[in-house]
Amino acid sequence: MFLCQKQKGGVFYIVENVKIIQPDRSIKYKKVWKTTQLYERSAAEMVLAEIKASRNLTKAKDNQRKLRNLIIDRATAVSETLQQTKTTFDLAWRLYQDHPRTREMRSSSVHIARCLWRKWSNWIQDVYPGINDIEQIDTEQAQHFIDDLRAQNQADATVKRAHVMLKGMYKRIGQTLKLTYNPFDGVITMRHVTRKERRCFTQEEIERLLVELSPEWQLLVLLALYAGLRFGDCCCLVKEAIIDNKYLDITPRKTESSSGKKVLIPIHPSLMFRLLEAADKVESGFVLPEFAGRYLKRSSRFCCYFGKILDRLGMRNPNDKYILDFHCLRHTFNTRLAEAGVGSDIRMKLTGHSSIKMNQVYNHAVQPLVEAIHSLPELTVDHCSNVT
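Structural notes, computed from the coordinates. (Residues numbered from 1 in each chain as written. Predicted model: local features only at pLDDT ≥ 70, side-chain atom pairs only at ≥ 80, totals over all residues. Heavy atoms only, no water.)

**Looking at the overall build of the protein chain**
Put simply, the rule reads: In this text, helices come from DSSP runs of H or I with a minimum length of four residues, and strands from runs of E with a minimum of two, each type numbered from the N-terminal end. When we talk radius of gyration, it's over C-alpha atoms, and the globule rule is simply 2.2 Å times the number of residues to the 0.38. Exposure classes here rest on a 1.4 Å probe applied to the protein chains alone. A residue is buried below 20% of its type maximum, exposed above 50%, and partly exposed in between.
Secondary structure summary: the protein chain contains 18 helices and 6 strands in total. A compact globule built from 388 residues would reach a C-alpha radius of gyration of about 21 Å, whereas the protein chain, at 30 Å, exceeds it by more than 25%. In terms of overall dimensions, the protein chain has a C-alpha envelope of 100 × 80 × 45 Å along the principal axes. Burial analysis of the protein chain (388 residues in total) assigns 34% to the buried set.

**A few points about a nonpolar patch on the surface**
This is how it is decided: Like-charged residues within 9 Å of one another, or nonpolar side chains (Val, Leu, Ile, Met, Phe, Trp, Tyr) within 5 Å, are grouped into patches, provided each residue has over 30% relative accessible area and no salt bridge. Here the Shrake-Rupley method, with its probe set to 1.4 Å, supplies the accessible areas, and only the displayed protein chains count as covering residues. One speaks of a salt bridge when a side-chain nitrogen belonging to Lys or Arg is within 4 Å of a carboxyl oxygen belonging to Asp or Glu.
Side chains of Ile21, Ile27 and Tyr29 sit close together on the surface and give an oily, nonpolar patch of about 360 Å² of accessible area. Tracing the backbone through its elements, the reader meets Ile27 in strand 3 (residues 27-35).

**Some points on the nonpolar core**
Definition in use: Definition used in this section: a nonpolar core is a set of buried Ala, Val, Leu, Ile, Met, Phe, Trp, Tyr and Cys residues joined via side-chain atoms within 4.5 Å. Contacts were defined at the residue level, with two residues in contact if any of their heavy atoms lie within 4.5 Å.
Phe201, Trp217, Leu220, Leu223, Leu248, Leu275 and Phe306 are the most contacted members of the largest nonpolar core, which has 48 residues in total. Broken down by element, this core gets its largest block of residues, 9 residues, from helix 9 (residues 215-227). Here Phe306 is in contact with Phe201, Leu209, Leu213, Trp217, Val221, Asp325, Phe326 and Leu329, once residues within four sequence places are set aside. Judged by nonpolar contacts, the second largest core, of 29 residues, contains Trp93, Trp120, Ala162 and Tyr170.

**Side note on the packing of aromatic side chains**
The condition that has to hold: Any two rings among Phe, Tyr and Trp, with Trp reduced to its six-membered ring, count as a pair given centres within 6.5 Å; such a pair is stacked if its planes are under 30 degrees apart, edge-to-face if over 60, and tilted if neither. We count a charge as sitting over a ring when the NZ of a lysine or the CZ of an arginine lies within 6 Å of the ring centre and within 35 degrees of the ring normal.
As enumerated under the stated definition, the model contains 20 aromatic pairs in all. Each ring, one from Trp120 and one from Phe145, has its centre 5.0 Å from the other, and the planes form 70°; the classification is edge-to-face. Placement of Trp120 in helix 5 (residues 107-127) and of Phe145 in helix 6 (residues 139-151) is noted, with a sequence separation of 25 residues between them. Seen in terms of ring centroids, Trp120 and Tyr170 are 6.5 Å apart; in terms of plane orientation they differ by 75°. Their pairing is edge-to-face. Remark: Tyr170 occurs in helix 7 (residues 156-177) and Trp120 occurs in helix 5; sequence separation between them is 50 residues. Per residue, the accessibility class of Trp120 equals that of Tyr170, and both read buried. Three or more aromatic residues joined by ring pairs make a cluster, and in this case those are Phe89, Trp117, Trp120, Trp123, Tyr128, Phe145, Tyr170 and Phe184. Over the ring of Tyr305 we find Arg294, and its NZ or CZ is 5.8 Å from the ring centre.

**Focus: the pattern of salt bridges**
Under the criterion given, the structure shown has 7 salt bridges. A salt bridge links Arg55 to Glu16; its shortest N-O distance comes to 2.5 Å. Residue Arg55 is located in helix 1 (residues 41-77), and its partner Glu16 is located in strand 2 (residues 12-21); the two are separated by 39 residues in the primary sequence. With relative accessibility at 38%, the residue Arg55 sits in the partly exposed group. One salt bridge in this structure joins Asp185 and Lys167, with 3.7 Å as the shortest N-O distance. Taken together, the residues span a long stretch of sequence, with Asp185 in the loop between helix 7 and helix 8 (203-212) and Lys167 in helix 7 at a distance of 18 residues.

As structure tokens, then:
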């Protein structure tokens, strides 16, 4: 690649010889011109250097990936030898880590899997001291472990998640060792998990939160309450998303990789002062850099921190019929819009929902139901007296 100008004093172009394979399998090279839209040579050279560095980095990553695949291929080639030997729990974990799909997982998910595998291996060594390798595990031990989790009063969802994760881990380990038997395939299906529904925050609860919380947490609550943002979008809000101090131009993190759909939300007056005050403290980037860092490092644990705040304030307890967490503020946002008479099409635009069915899940408005019942005609006294 090199720089070139089509005319003196004009825009600099990046010229590259591209290799093209013809239908008759002959090789032909074609020059491709790509504009930099820059008139200064120094700036254009910087762009060219960045492109070359990016391609070198990509090439290095490809070489690393090929090396890893080569190692896996060699491990697969000697799988018969591995089957004859005993695979300890530590070796099985390393094989799981080296699996291609495991390498694509987030570090937090791998950490959860590591903790579960350690718990499973320690339990086997305590309850069945004679078992030292995974080839000795059968459905009886797997079922015993799942039943023991239930006996510890673990939540049904937690037990089911452990069952699914261990089943998937054994599947990946078995693919490397070419094992056809998965002990967790025969485990009895978990009993039906009854999921609780979320509810909205009351006005009293919201006012108490705004009094008890720090200014940063207050801003998060206001963003969810008056913009309907999810917890991750609140934490990772950037200053560039504030348009003319009137709108929020948001690309939800949940749909960023799939649809990339943007949501334009007008800034409510109750949110305006606190949001602009926080945005003025940073030149660019995250409005709340500390919260963004904590969320990006450990999103699931940081999200649960708000639940601990609610527990400390006595706003919820384990015996509650409904779930109350940070996401309930988004439910409150949608419900208040519905109670104010805002149509479903506008609510879908503000929340970013793609279907009315999904938006209705977030709608807990009761007032329209009351008004519908009261719209029925009343019976007069004379009619009531004739009713038997």
